[in-house]
Amino acid sequence: MLKEWNLEHLFDLKIFLDCDLHEAMSRVQQRHLRSGIAATMEEAAGRVKENDLLNAQILLDDGAMERAQIVLQQKQTVFRIRPHASVSFVHGANQSD
């Protein structure tokens, strides 16, 4: 679906944030409530189920992670540098696990 939009050429760098889907949706639900997008936790859960989870699944099913040059995961960073991309990474001295 996203590939059909033919927008990837507009981006110099594609980064995918890879995390636990359940945890991500829980955070989105909390964000909907805190931001006022949803008035109740039930309304926030409904928005997540009817919109955000579906969008996340579209991205996963479409192979967005596989096409990304950089994949950020919860515990580590995995770099997939494609021939057409130039990426620099500076390792910080204050990094901790």
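This section reports on the structure supplied with the text.

So, the overall build of the protein
Line of reasoning, step 1. Along its length, the protein carries four helices and three strands.
Line of reasoning, step 2. When burial is assessed residue by residue, the protein has 23% of its 97 residues classed as buried.
Line of reasoning, step 3. Element-wise, carbon and sulfur atoms account for 54% of the exposed surface of the protein, whose accessible area totals about 7,600 Å².

Considering the pattern of salt bridges
If the charged atoms of two oppositely charged side chains come close together, the side chains can form a pair.
Line of reasoning, step 1. Evaluation of the coordinates by the stated rule reveals two salt bridges.
Line of reasoning, step 2. Note that E23 and R27 form a salt bridge whose closest N and O atoms lie 2.5 Å from each other. Here the residue E23 and the residue R27 both occupy positions in helix α2 (residues 21–35), the gap between them amounting to four residues, near one helical turn.
Line of reasoning, step 3. E23 gets classed as partly exposed once you look at its relative accessible area, which sits at 28%.
Line of reasoning, step 4. In this structure, D62 engages R67 in a salt bridge whose closest nitrogen and oxygen atoms are separated by 3.1 Å. Residue D62 shares its accessibility class with R67, and that shared class is buried.

Some details on α2
A turn of α-helix holds 3.6 residues, and therefore any two residues three or four places apart point the same way.
Line of reasoning, step 1. Here α2 spans 21 Å end to end across 15 residues, near enough to the 21 Å set by a 1.5 Å rise per residue.
Line of reasoning, step 2. All of the buried residues along α2 are A24, M25, V28, Q29 and H32. Buried residues along α2 cover an arc of 140° about the axis, so they all sit on one side.
Line of reasoning, step 3. The secondary structure elements touched by the buried residues of α2 are α3 (41–61).
Line of reasoning, step 4. For α2, the side-chain oxygen to backbone nitrogen distance between the N-cap and H22 is 3.3 Å, and the N-cap itself is D20.

Cut-offs and rules
- Residues numbered from 1 in each chain as written.
- Predicted model: local features only at pLDDT ≥ 70, side-chain atom pairs only at ≥ 80, totals over all residues.
- Heavy atoms only, no water.
- Helix = DSSP H or I, 4+ residues; strand = E, 2+ residues; numbered from the N terminus.
- Buried < 20%, exposed > 50% of the residue type's maximum accessible area, 1.4 Å probe, protein only.
- Areas by Shrake-Rupley, 256 points an atom, 1.4 Å probe, with all protein chains shown as cover.
- Salt bridge = Lys/Arg side-chain N within 4 Å of Asp/Glu carboxyl O.
- Expected span 1.5 Å × (residues − 1).
- Arc of directions from axis to C-beta.
- Contact = heavy atoms within 4.5 Å.
- Polar contact = N/O pair within 3.5 Å; in protein donor to acceptor, adjacent residues only side chain to side chain.

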